[in-house]
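Listed here are the chains, written in short residue letters.
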Amino acid sequence: MQQRVFDKSFLTFMVVGVVNTLFGTAIMFVLYNVFGCSYWVSSFCDYFFGSILSYFLNKHFTFHYQGTDWRSIMKFALNIIICYLIAYSLALPLTRMALESMHLSKVVVENIAMLVGTGLFMVINYVGQKFFAFKKH
């Protein structure tokens, strides 16, 4: 029988995602706006530290995955890397194009792009975790 993409695990994923997003986004914006780190360093640190929290929360609460092997960790990490690269590689040029007529500063555009990247990441990450990282056999 075919699994549905959006089932009750999606709601739990969203709640965990809010907690995880607040944690990671705080790291990202503090690094970018307070410490002057670049767009890529700031967003990478968000996902590096946020992914550690996400792995444990989603493994136990969202997908109730029982495996404790390195394979699930590697699949999770691969999923995060792919989702991160897709989301943030799309977010910056799309945000620049959408806002180019407004003549906003680079800092404002990159802050908005980081928010767009967060949204894109959340959607594609759910699909990757459900059907790849924590897929039940």
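Rules and cut-offs
- Residues numbered from 1 in each chain as written.
- Predicted model: local features only at pLDDT ≥ 70, side-chain atom pairs only at ≥ 80, totals over all residues.
- Heavy atoms only, no water.
- Helix = DSSP H or I, 4+ residues; strand = E, 2+ residues; numbered from the N terminus.
- Rg over C-alpha atoms; globule rule 2.2 N^0.38 Å.
- Buried < 20%, exposed > 50% of the residue type's maximum accessible area, 1.4 Å probe, protein only.
- Contact = heavy atoms within 4.5 Å.
- Areas by Shrake-Rupley, 256 points an atom, 1.4 Å probe, with all protein chains shown as cover.
- Lys, Arg positive; Asp, Glu negative; His and termini not counted.
- Charge placed at Lys NZ, Arg CZ, Asp CG, Glu CD.
- Phe/Tyr/Trp six-rings, centres within 6.5 Å; stacked < 30°, edge-to-face > 60°.
- Lys NZ or Arg CZ within 6 Å of the ring centre and 35° of its normal.
- Expected span 1.5 Å × (residues − 1).
- Bend = angle between axes of the 7 residues up to and from the residue.
- 1 Å grid on protein atoms, 1.4 Å probe; cavity = no way out; pocket = protein on both sides within 12 Å on 5 of 7 lines; lining within 4 Å.
- Points joined across faces, edges and corners; volume = space filled by probe spheres on them.
- Nonpolar A, V, L, I, M, F, W, Y, C, P; charged D, E, K, R; others polar.
- pLDDT = per-residue confidence, 0-100.
- Salt bridge = Lys/Arg side-chain N within 4 Å of Asp/Glu carboxyl O.

### So, the overall build of the chain
Now for step 1: Within the chain, the regular secondary structure consists of 4 helices and 0 strands.
Now for step 2: Beginning at the N terminus, the succession of helices and strands in the chain can be written as α-α-α-α.
Now for step 3: A compact globule built from 137 residues would reach a C-alpha radius of gyration of about 14 Å, and the chain, at 16 Å, matches this within 12%.
Now for step 4: The C-alpha extent of the chain, read off along each of the three principal axes, is 50 × 30 × 25 Å.
Now for step 5: For the chain, with 137 residues in total, the buried portion stands at 42%.
Now for step 6: Pairs at least 24 residues apart make up 77% of the contacts formed inside the chain by residues separated by at least 6 positions.
Now for step 7: For the chain, the exposed surface amounts to about 8,300 Å²; the carbon and sulfur share of it is 74%.
Now for step 8: Within the chain, the 5 negative side-chain charges are centred at a point lying 12 Å from the centre of the 10 positive side-chain charges.

### Quick word on the packing of aromatic side chains
Now for step 1: Across all of its chains, the model carries 20 aromatic pairs by this definition.
Now for step 2: Three or more aromatic residues joined by ring pairs form one cluster here, namely F10, F13, Y55, F56, F63, Y65, F76, Y126 and F134.
Now for step 3: The side chain of K75 reaches across the aromatic face of F132, ending 5.3 Å from its centre.

### Some points on helix α2 (residues 39–62)
Now for step 1: In this model α2 runs just 30 Å from its N-terminal to its C-terminal C-alpha over 24 residues, more than 12% under the 34 Å that 1.5 Å per residue would give.
Now for step 2: Bending of α2 peaks at approximately 30° at the position of S51.
Now for step 3: One or two steps after α2, the chain reaches H64, where phi turns positive at roughly 45°.

### A closer look at unusual backbone geometry
Now for step 1: In this structure, H64 takes a positive phi of about 45° despite not being glycine.
Now for step 2: Inspection of the secondary structure assignment puts H64 in the loop between α2 and α3 (70–99).

### Considerations on empty space enclosed by the protein
Now for step 1: Following the criterion strictly, the structure yields 1 cavity of 30 Å³ or more and no others.
Now for step 2: Put simply, the largest cavity is a space of about 190 Å³.
Now for step 3: Lining the largest cavity we find 17 residues, and of these N20, T21, Y47, F121 and N125 sit closest to its centre.
Now for step 4: Contributions of two or more residues to the lining of the largest cavity are made by α1 (8–33), α2 and α4 (106–133).
Now for step 5: Tallied by class, residues from the lining of the largest cavity come to 6 nonpolar, 10 polar and 1 charged.

### Focus on the confidence of the model for the chain
Any segment with low pLDDT has predicted coordinates that should not be analysed in fine detail.
Now for step 1: When the pLDDT values of the chain are averaged, the result is 89; 93% of them are 70 or greater.
Now for step 2: The weakest mean pLDDT in the chain belongs to α2 at 89; the strongest belongs to α3 at 94.

### Quick look at the pattern of salt bridges
Now for step 1: Within this structure, the stated rule accounts for 1 salt bridge.
Now for step 2: Among the salt bridges present, the one from E110 reaches R96, with a minimum N-O distance of 3.8 Å. Of the two residues, E110 sits in helix α4 while R96 sits in helix α3, which places them 14 residues apart along the sequence.
Now for step 3: For R96, a relative accessible area of 44% gives the class partly exposed.

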